[in-house]
Amino acid sequence: MAELFCDLWLRAGASAGDSADSTTVRAVRALAPDVALPEGLTRGELLRTVAVRSAQVEGDAWSVVVAAHFRAPAPGAASEEDSESDVRYFAVPVTSSAAEGTGRFTVTGVPAQVAGPGRTKVAEPPFGTLLPARGSLAVSLGEFFDAYLVGVGEVSRYLAPGAKLSPVRGSDYRSVAVGEVRADSEVADGAVPADGTEVHVRAAVTAVDGGGGQWPLEYELSMRSRSGRWEVSGMHAGATAPARSVTAGGAAK
């Protein structure tokens, strides 16, 4: 609700000659009857608004931080292509009610421009071992991603017993290439070890779509050895699994 309001509120202020009965202004008033509107905004074109944080202040009162993304002409720009990206953040006060079992919301005040979120410190990933590009594990990953992203063969063929993973549909990828592969253990740097050995890896993948577009993708996976080959036992894309040491037989410490 705060995201929608902030979008309408900014657009109302950028509309030259907007009268009190305009569509945008009436939409703003439906969400916040008594909030003042900006006037004559010329910062640039509003592209979108995105709610990035919410906090309960007290009782039914909330503060929602909304990011507003503008495209503004660069100084001395001769065309629209010469534009700058500008992101501003606004804290929107909202009161909620669960009366009659349905959510009801009212914006209770004018948004306040605030500082954007800072960057958090990220721990060093546990993938300290660079695996050979034509090694057994990298080759297994290449075959797996051919099935998972492109649809060459069945994904189940490359999964460890008990693992379940559905292939990606509708991606229009025509080919994939596995780039750098790093592991959290040296156990995968060489011949395939004893059955049941597990290792966690991060793989860089480049997928090429039907129009020749190249998509740089990155995956984190758990791999398990079986019958002289590596199989995918789990996918953790988007979140780093905790570091661990792995021994033959799959025992993790």
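Structure: see above.
## Here's the deal with the sheet that holds strand 6 (residues 129-130)
For step 1, the next point in the chain: The sheet built from 5 strands is open, its strands ordered 6-7-8-9-10 with antiparallel pairing. Taken across any chain shown, the strands that pair with only one partner, and hence form the sheet edges, are strand 6 and strand 10 (229-235).
For step 2, the next point in the chain: Bridge analysis of strand 9 (residues 214-226) against strand 10 gives 6 bridges, and the strand direction is antiparallel. Residue pairing across strands places M223 opposite V232, the latter belonging to strand 10.

## Things to note about the layout of surface pockets
For step 1, the next point in the chain: The volume enclosed by the second largest pocket comes to roughly 150 Å³.
For step 2, the next point in the chain: Lining the second largest pocket, in full, are A133, R134, A138, V139, G142, E143, V176, A177, V178 and G179.
For step 3, the next point in the chain: Broken down by class, the residue content of the lining of the second largest pocket amounts to 6 nonpolar, 2 polar and 2 charged.

## Some remarks on the nonpolar core
For step 1, the next point in the chain: Residues L137, L141, F144, F145, V201, L221 and M223 are the most contacted members of the largest nonpolar core, which totals 27 residues.
For step 2, the next point in the chain: For this core, the elements supplying multiple residues, two or more each, are helix 3 (136-150), strand 7 (173-183), strand 8 (198-209), strand 9 and strand 10.
For step 3, the next point in the chain: With 8 residues, helix 3 is the single largest residue contributor to this core.
For step 4, the next point in the chain: Counting 21 residues, the second-largest nonpolar core is a separate cluster that includes C6, L10, V28 and A68.

Analysis parameters
- Residues numbered from 1 in each chain as written.
- Predicted model: local features only at pLDDT ≥ 70, side-chain atom pairs only at ≥ 80, totals over all residues.
- Heavy atoms only, no water.
- Pairing = 2+ DSSP bridges.
- Helix = DSSP H or I, 4+ residues; strand = E, 2+ residues; numbered from the N terminus.
- 1 Å grid on protein atoms, 1.4 Å probe; cavity = no way out; pocket = protein on both sides within 12 Å on 5 of 7 lines; lining within 4 Å.
- Points joined across faces, edges and corners; volume = space filled by probe spheres on them.
- Nonpolar A, V, L, I, M, F, W, Y, C, P; charged D, E, K, R; others polar.
- Core = buried A, V, L, I, M, F, W, Y, C linked by side-chain atoms within 4.5 Å.
- Buried < 20%, exposed > 50% of the residue type's maximum accessible area, 1.4 Å probe, protein only.

Purely geometric stuff here, so don't read any function into it on its own.
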